[in-house]
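Structure assessment
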Amino acid sequence: MTTPLSHIRNFSIIAHIDHGKSTLADRLIQFTGGLTAREMSAQVLDNMDIEKERGITIKAQTVRLKYTAKDGETYELNLMDTPGHVDFAYEVSRSLAACEGALLVVDAAQGVEAQTLANVYQSIEHDHEIVPVINKIDLPAADVDKVKAEIEDIIGLPADDAVLASAKSGIGIEECLEAIVTKIPPPKGDAAAPLLAMLVDSWYDPYLGVVILVRVVDGVLKKGQQIKFMQAGTTHLIDRVGCFTPKREELTEIGPGEIGFITAQIKDVAQARVGDTVTDAKKPAAAPLPGFKEVQPVVFCGLFPTDANDFEKLRESIQKLRLNDASFSFEMESSAALGFGFRCGFLGLLHLEIIQERLSREYDLDLITTAPSVVYKLKLSHTKNEAAKEIELHNPADMPDPNRIDEIEEPWIEAVIYVPDDYLGPILKLCQDRRGIQKNLTYVGGRAQITYELPLNEVVFDFYDRLKSISRGYASFDYHQIGHRPGDLVKMSILVNNEPVDALSMIVHRGSAESRGRGMCERLKDLIPRHMFKIPIQAAIGGKVIARETIAALRKDVTAKCYGGDATRKKKLLEKQKEGKKRMREYGNVNIPQEAFIAALRMGDDA
Amino acid sequence: MAEPLALYVHWPFCVSKCPYCDFNSHVRESVDQQVWRAALLADLRHEAMLLPGRAVSSIFFGGGTPSLMPPATVAAVIAEAAALWGLTDDCEITLEANPNSVEVAAFADLAAAGVNRVSIGVQSFDPQVLEFLGRAHSGDEARRAIAAAQTCFPRASFDLIYARPGQGLADWEKELRAALAFGTGHLSLYQLTIEPGTRFATLAAKGELVIPDGDAAADLFDATQALTRAAGLPRYEVSNHARPGEESRHNLTYWRYGDYAGVGPGAHGRRTGQATERHKKPENFVAAVERNGYGIKGESDLPAHERATEAMLMGLRLNEGIDLRRVEARSGLGREAFVDAGAVARLTHQGLMRAAGDRLAVTDAGILLLDSILSEVVKTH
Ligand SMILES: Nc1nc2c(ncn2[C@@H]2O[C@H](COP(=O)(O)OP(=O)(O)O)[C@@H](O)[C@H]2O)c(=O)[nH]1
Ligand SMILES: C[S@@+](CC[C@H](N)C(=O)[O-])C[C@H]1O[C@@H](n2cnc3c(N)ncnc32)[C@H](O)[C@@H]1O
Ligand code: SF4
Ligand SMILES: [Mg+2]
């Protein structure tokens with residue numbers, strides 16, 4: 001039996017970090033009896049260690065709550081927790097598309113803050129009904145009137161009926177649930193129409209195989225049903241349908257308006273792509289749901305094991321991770337100095353960091369990460385043996401002979417930024433500095449919406465972080481790719497002790513080459529330890545050096561004292577130094593520590 | 001015939017704990033001298049039983065503060081060693097002394113007991129520095145102790161700690177000139193090291209104590225070399241200087257990777273390929289001796305590789321460097337197993353090492369980089 005549409009509510013919770021989203025979610029689950037007090041471990045929704053630590057959600061999660069409202073009726077409430085970073089913008093948009101409304105949680109003492117706004121804009125874009133909840137009213141510093149005024153003035157939402165709550169003390173929880181039932185509209189749908197369901201997210205579970213989170217629009221999903229993924233074109237047999245309460249519970253079917261999961265003996269998440277449309281293989285819908293996007297990696301970098309013996313382990317670990325994350329790609333790569341590793345593609349820098357962190361943490365691997373790069377298109381002129389051709393370049397180290405390159409094209413994006421007026425100036429400057437082309441600028445209330453075209457290369461590394469810090473977090477940012485355009489791009493090599501370090505070479509715009517080169521040299525000077533000889537560090541384009549630094553020779557490294565006949569310390573020190581060297585890579589007799597490679601990621605604005 | 005043997009005897013007690021010191025030294029209200037004398041002698045007898053047929057060529061009383069030992073105990077240990085093994089004619093018997101007046105008063109008795117060399121822990125002559133270093137003596141006491149040692153013993157040496165916080169080149173040169181003016185045949189000049197677990201380490205971690213950086217320390221070191229060389233006391237080990245022939249023969253045995261017996265708390269010994277270690281804490285040591293008749297905490301056969309490593313770590317501290325043939329003989333390995341020839345070639349080219357025939361040494365230009373050099377040259381596993 002599925003729940004009638006009128007008795008379903010799908011919602012998400014949006015909040016600035018630490019305003020109480022997780023605590024409130026826990027309370028809602030507890031209140032409706034999803035878990036007993038004993039079963040509640042704090043913040044049940046954040047699953048992975050990394051999610052808990054960083055306070056971000058990487059995978060969408062849902063919880064189905066049964067709530068008997070004051071009108072005497074029992075409702076099915078689906079609470080959706082969405083990923084929280086622009087790298088996962090597409091996943092977020094699919095999660096939001098699965099809901100009709102949102103609880104907007106605002107801290108009664110802090111008031112409206114950066115992410116409050118950024119999240120509200122997104123929610124509004126999905127036509128959500130937004131229910132303000134003023135949380136932490138138990139705090140002595142709580143100022144409900146002020147916060148109400150802020151919600152009305154800054155966000156432009158009526159706040160008279162805002163729910164007053166303390167998630168911590170359990171105040172206002174029932175009021176939240178009532179507001180969800182009375183204010184958020186029920187979903188629309190038709191049980192008799194052909195099956196039409198959106199694939200909201202998917203992940204790999206070692207016991208169940210790939211678990212697929214779906215939102216049914218029309219029709220009914222049943223165990224034993226033959227389904228078809230309309231974009232992928234594959235068919236599968238459903239062997240399980242169910243929901244999370246948050247415990248996994250099996251059901252016989254999921255009807256229109258409902259959110260739940262299915263499994264269908266799928267081994268690889270790549271087959272279950274976010275945004276795909278699930279339909280009945282025998283009685284398919286006429287057209288898929290709109291908004292499907294093929295998510296493609298936009299940032300590439302090489303991952304190499306610090307210890308060459310770990311290559312096989314890295315391969316296995318990457319394969320396992322990939323089972324759970326279809327949005328990153330990998331292929332084998334070999335480098336003169338780093339040996340064998342993988343060229344991997346990611347949705348953005350955060351995604352890269354998460355994967356790298358999971359590999360080192362969950363799989364206990366020490367990795368060297370090469371400078372990230374976007375995908376360039378190169379037009380090559382013909383040679384004696386080869387016709388003219390166009391190639392894609394994922395790795396600056398593979399850059400062909402510059403004489404053969406007629407043109408280099410780089411990917412561009414269109415970015416939409418919302419930001420309060422106060423921060424407009426510095427943000428325009430940031431976009432301008434990143435070779436942006438302004439397309440549009442409009443004001444809505446106290447905030448601006450800016451549209452810019454920007455080279456992706458200028459965005460992937462730290463643009464989002466810069467944007468957040470310049471706007472003290474108030475800016476929201478979304479982008480999509482708009483194709484490749486020719487650019488005046490050059491390969492910049494880094495030479496350490498006169499030897500090129502392939503892992504640090506990068507493609508840069510000629511105009512910013514010098515400052516980036518200088519930035520790299522300065523950073524490396526600090527990161528490479530002094531050696532027994534002096535080390536020149538140079539940035540060069542072709543044969544021309546555009547920046548240089550010198551690391552002075554080390555002068556003292558000796559144990560002054562002797563401990564009689566006790567050689568233990570000296571042996572330990574020797575071991576430690578040898579161990580340390582294993583974590584470094586040698587170029588031209590210079591040992592470059594792992595951190596130096598990673599630091600290439602953190603090109604600040606000085607670069 | 002077996003090589004002669006060096007004997008190390010550890011006395012673990014001090015009047016107070018210096019804030020930079022991580023040696024096996026302990027402060028105790030009272031020490032039962034009978035018990036300690038008996039324990040050291042018993043430990044000594046055990047070692048002699050395991051290492052028969054060797055003549056003792058040097059004895060070193062180290063600490064802690066061995067100048068706090070009753071001279072009678074020192075005499076008893078020397079006599080016992082002579083009885084058990086026999087001493088070579090030129091046996092060098094050194095005792096580490098702190099320059100406090102009471103201890104200096106015992107110099108004559110110690111000399112009578114057989115001690116023929118003292119090494120005095122002067123550290124500095126500057127009253128403020130002595131206070132900073134937590135020393136229990138004054139500058140004058142230090143000067144008097146050196147003078148007394150020079151009259152009481154055939155050979156005397158003293159230690160200074162330099163490259164201290166805020167110490168400038170000129171200050172140090174002045175202090176060193178004054179030290180050289182005493183005319184002792186030997187000097188140990190240690191750059192201050194912050195050792196984990198000491199009070200200085202805590203202060204350094206809090207940023208309240210900052211020692212000169214590598215470049216400044218290197219300048220001080222270079223100045224030290226120039227002054228000592230000019231005074232006829234060149235460096236023969238990283239931190240040790242002597243008029244030729246006046247080197248500490250006992251310490252040379254360690255550095256040349258000879259055999260040494262180590263008795264007393266925390267003492268280490270090497271009996272041809274076997275490593276011995278005594279219980280470190282004084283009470284545990286005494287308890288072990290009372291229980292077993294000796295203070296050994298562990299004995300292990302050193303694998304060939306480790307023997308070669310130790311020989312390299314010790315030997316390359318010396319100006320003379322190592323005799324590769326000797327290391328081969330002591331480890332049973334060919335040199336290619338423990339020396340990275342490529343690294344030697346590179347470092348020789350850079351002027352940091354010297355290689356000639358069976359001799360391998362670190363040059364004056366390289367000695368301050370010894371730890372880095374070892375990490376490249378010594379092949380482990
Ligand atoms: N005093 C008080 N603290 C709260 C309340 N709700 C949440 N907190 C605390 O605020 C912090 C952040 O809460 P959390 O739910 O993790 O916020 P999130 O980042 O929005 O998920 C935690 O220390 C909570 O214990 C509340 O109603 N009153
Ligand atoms: C075994 S210790 C001490 C001998 C004797 N108890 C004394 O303090 O005079 C030998 C020498 O090591 C040196 N030393 C000890 N700790 C040191 C440190 N942290 N840094 C530099 N030299 C140190 C001192 O010069 C000391 O005299
Ligand atoms: S007197 Fe010597 S052994 Fe004792 S604590 Fe001070 S430095 Fe260490
Ligand atoms: Mg949270």
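Residues numbered from 1 in each chain as written. Chains lettered and ligands numbered in written order. Predicted model: local features only at pLDDT ≥ 70, side-chain atom pairs only at ≥ 80, totals over all residues.

Another point: helix H12 (residues 304-315) of chain B. Think of an α-helix as turning once every 3.6 residues; residues three or four places apart then point the same way. Counted at 1.5 Å a residue, the expected span for H12 of chain B with its twelve residues is 16 Å, and the 16 Å between its end C-alpha atoms agrees. H12 of chain B sits mainly inside the fold: nine of its twelve residues count as buried. Every buried residue of H12 of chain B is accounted for by Arg307, Ala308, Thr309, Glu310, Ala311, Met312, Leu313, Met314 and Gly315 of chain B. The inward-facing, buried residues of H12 of chain B contact helix H12 (568-582) of chain A together with helix H10 (249-255), strand S13 (322-323), helix H13 (324-331) and helix H15 (370-377) of chain B. (Helix = DSSP H or I, 4+ residues; strand = E, 2+ residues; numbered from the N terminus. Expected span 1.5 Å × (residues − 1). Buried ≥ 20, exposed ≤ 12 C-beta atoms within 10 Å, placed from the backbone. Contact = placed C-beta atoms within 7 Å.)

For the rest of this paragraph, the subject is the environment of isoleucine 470 of chain A. Residues and elements named next belong to chain A. Mapped onto the elements of the fold, isoleucine 470 is located in helix H10 (residues 463-470). Each C-alpha atom, one on isoleucine 470 and one on isoleucine 427, is 7.1 Å from the other, the two residues being 43 residues apart in sequence. Leaving out residues up to four positions away in the same chain, isoleucine 470 has contacts with Tyr423, Pro426, Ile427 and Leu430.

Taken together, the neighbourhood of ligand 3 is formed by Cys14, Lys17, Cys18, Cys21, Phe23, Ser25, Gly63, Gly64, Thr65, Asn98 and Gly121 of chain B. Split into classes, the residues belonging to the shell around ligand 3 amount to four nonpolar, six polar and one charged. (Near = placed C-beta within 6 Å. Nonpolar A, V, L, I, M, F, W, Y, C, P; charged D, E, K, R; others polar.)

The subject of this paragraph is the interface of chain A and chain B. Facing the 21 residues of chain A at the interface are 33 residues of chain B. Grouping the amino acids of the side of chain A that touches chain B by side-chain chemistry returns eight nonpolar, four polar and nine charged.

Close to ligand 2 lie 19 residues; Tyr20, Gly121, Asp159, Tyr190 and Thr193 of chain B are nearest. Each of chains A and B places residues next to ligand 2. At the level of secondary structure, the elements contributing two or more residues to the shell around ligand 2 comprise strand S2 (56-63), strand S4 (117-123) and strand S5 (155-162) of chain B. For the shell around ligand 2, a count of residues per class yields seven nonpolar, eight polar and four charged.

All names here are of chain B. Contact pair H12 / H13: the axes reach a minimum separation of 8 Å and the direction vectors enclose 150°. By the criterion of interaxial angle, the relationship of H12 to H13 is roughly antiparallel. Between H12 and H13 lies a crossing of right-handed hand. Residues Ala304, Arg307, Ala308, Ala311 and Met312 of H12 touch H13, and the partners they reach there are Val327, Arg330 and Ser331. Of the residues that constitute the contact of H12 with H13, the class distribution is five nonpolar, one polar and two charged. (Axes fitted to C-alpha atoms, helices over the stretch in contact; angles between N-to-C directions. Parallel < 35°, antiparallel > 145°, perpendicular 65-115°, else oblique. Left-handed = near helix turned anticlockwise from the far one by under 90°.)

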